[in-house]
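Summary of structural features
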Amino acid sequence: MKVVYSRQTLADIDQISAYYGEHASPRVARSIGTRIENVIARIASAPASAPRVTQRPDIRSAAVVRYPFRVFYRVQESKIEILHIRHTARAPMQQSD
């Protein structure tokens, strides 16, 4: 299946990279980026493997192991849309996210 990234996801990746590059180290930022890439690769190979979001059953959420992030995505007929990458300390996704 084809994986597509929303504008929000691309902005999330930039923000995560910039924040951890400045507040931790470029190495930590790269490590987080690699983990996120691995999660997205796993989603691409097994789109139904992550649980559905309770209040939004068309959305699934996969944890980024070792780091406090979740990748939110939607499986459509011919593609997987990566919607958002969210820090787990933030409030849950709302309908408008």
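Residues numbered from 1 in each chain as written. Predicted model: local features only at pLDDT ≥ 70, side-chain atom pairs only at ≥ 80, totals over all residues. Heavy atoms only, no water.

**Examining the overall build of the chain**
Operational definition: Per the convention used, a helix needs a DSSP run of H or I reaching at least four residues, while a strand needs a run of E reaching at least two, with both numbered from the N terminus. Only the C-alpha atoms count toward the radius of gyration. The rule for a globule is 2.2 Å times the residue count to the power 0.38. Here a residue-residue contact requires only that any non-hydrogen atoms of the pair lie within 4.5 Å. In this tally, Lys and Arg are treated as positive and Asp and Glu as negative; His is ignored, and so are the chain termini. Taken as the charge centre is NZ of Lys, CZ of Arg, CG of Asp or CD of Glu, depending on the residue.
The helix and strand tally for the chain stands at 2 helices and 5 strands. Its C-alpha atoms give the chain a radius of gyration of 13 Å, within 12% of the compact-globule value 13 Å for 97 residues. In terms of overall dimensions, the chain has a C-alpha envelope of 40 × 25 × 25 Å along the principal axes. Of the contacts formed within the chain by residues at least 6 apart in sequence, a portion of 44% connects residues at least 24 apart. Taking the average place of the 15 positive charges on the side chains of the chain and the average place of its 8 negative ones, the gap between the two points comes to 6 Å.

**Notes on the layout of surface pockets**
We count it as follows: Put plainly, a pocket is an open set of points on a 1 Å grid over the protein atoms alone with protein on both sides within 12 Å along at least five of seven lines, a cavity is a set where a 1.4 Å probe fits but cannot get out, and a lining residue has an atom within 4 Å of a point. Grid points are joined across faces, edges and corners, and a volume is the space filled by probe spheres set on the points.
By volume, the second largest pocket amounts to about 220 Å³. Lining the second largest pocket are Tyr5, Ile13, Ile16, Ser17, Ala29, Arg30, Gly33, Ile36, Glu37 and Ile40. Of all elements in the fold, only α1 (7–23) and α2 (26–45) reach the threshold of two or more residues within the lining of the second largest pocket. Broken down by element, the residue count for the lining of the second largest pocket peaks at 6 residues, all from α2.

**Side note on α1**
Selection rule: Multiplying one less than the number of residues by 1.5 Å gives the expected span of a helix. Think of it in three bands: residues with accessible area under 20% of the maximum for their type are buried, residues over 50% are exposed, and the middle band is partly exposed, with areas taken using a 1.4 Å probe on protein chains only. Here the arc refers to the set of directions running from the helix axis out to each C-beta atom.
Over its 17 residues, α1 runs 24 Å from end to end, which matches the ideal 24 Å to within 8%, given 1.5 Å per residue. For α1, every residue scored as buried is listed here: Thr9, Asp12, Ile16 and Tyr20. Along the axis of α1, the buried positions cluster into a sector of 55 degrees, meaning they face one direction only. Pointing more than 90 degrees away from the buried face of α1 are the exposed residues Arg7, Asp14, Gln15 and Glu22. Structurally, α1 contributes buried residues whose contacts are with β1 (2–5), α2, β4 (69–75) and β5 (79–87).

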